[in-house]
Amino acid sequence: MLRPRSGEQVPSLTAQIARASNPGGTTAMWVRDRLDGLWCDEDFAGYPRDGRPGISPAQLATVCVLQFLLGLSDRKAAEAVRCRIDFKYALAMELDDPGFHHSVLADFRERSPGATAPTASSIWRSRA
């Protein structure tokens, strides 16, 4: 079971503090501001929905994009979600959201290929 997050707005306090502390923006903020809506949970229709509620597949995909862009390990990416205001902004999280364990990223990557996770080219085609 997942906590759906598609179309979620950035909490106002998160947005206010992210903008105040990073007036020029960051890569994570750019991803949110320019690529928001790139995918939503419905794009991951085949993603397994068993176990306890967790972070949405759309959010995990966003973390994977940020991880790639910034050259972060799974541990560093999960730490950034826990600690960095700009990552919380990019993921539309409350400032006090505890994030997730780094192993969730590896699990997401393992489970996604068998699911109907969108590819970058299919996303661009569907949004054009």
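See the structure printed just above.
Residues numbered from 1 in each chain as written. Predicted model: local features only at pLDDT ≥ 70, side-chain atom pairs only at ≥ 80, totals over all residues. Heavy atoms only, no water.

Draft legend 1. Region of interest: the packing of helix α4 (residues 74-83) against helix α6 (residues 103-111). At a closest axis distance of 8 Å, the pairing of α4 and α6 adopts a crossing angle of 115 degrees. One way to sum up the angle between α4 and α6 is to call them roughly perpendicular. Taken together, the residues of α6 that come into contact with α4 (itself represented by Asp 74, Ala 77 and Ala 78) are Leu 105, Ala 106 and Arg 109. Looking at the contact of α4 with α6 residue by residue, the class counts come to four nonpolar, no polar and two charged. (Axes fitted to C-alpha atoms, helices over the stretch in contact; angles between N-to-C directions. Helix = DSSP H or I, 4+ residues; strand = E, 2+ residues; numbered from the N terminus. Parallel < 35°, antiparallel > 145°, perpendicular 65-115°, else oblique. Contact = heavy atoms within 4.5 Å. Nonpolar A, V, L, I, M, F, W, Y, C, P; charged D, E, K, R; others polar.)

Draft legend 2. Seen up close, a nonpolar patch on the surface. Nonpolar side chains collect at one region of the surface, where Phe 68, Leu 69 and Leu 70 lie side by side and expose about 330 Å² of accessible area between them. Following the sequence through the fold, Leu 70 ends up in helix α3 (residues 57-70). (Patch = residues over 30% accessible without salt bridge, like charges linked within 9 Å, V, L, I, M, F, W, Y side chains within 5 Å. Areas by Shrake-Rupley, 256 points an atom, 1.4 Å probe, with all protein chains shown as cover. Salt bridge = Lys/Arg side-chain N within 4 Å of Asp/Glu carboxyl O.)

Draft legend 3. Layout of the pattern of salt bridges. Applying the stated criterion across every chain yields a total of three salt bridges. We note a salt bridge from Arg 109 to Asp 74, for which the minimum N-O separation is 2.7 Å. In this pair, Arg 109 is assigned in helix α6 and Asp 74 in helix α4, connecting sequence segments 35 residues apart. The class for Asp 74 is buried, based on a relative accessible area of 18%. Residues Asp 86 and Arg 84 are paired through a salt bridge, measuring 2.7 Å at the closest nitrogen-oxygen approach. Here Asp 86 falls in the buried class, since its relative accessible area comes to 4%. Judged by relative accessible area, which is 33%, Arg 84 ranks as partly exposed. (Buried < 20%, exposed > 50% of the residue type's maximum accessible area, 1.4 Å probe, protein only.)

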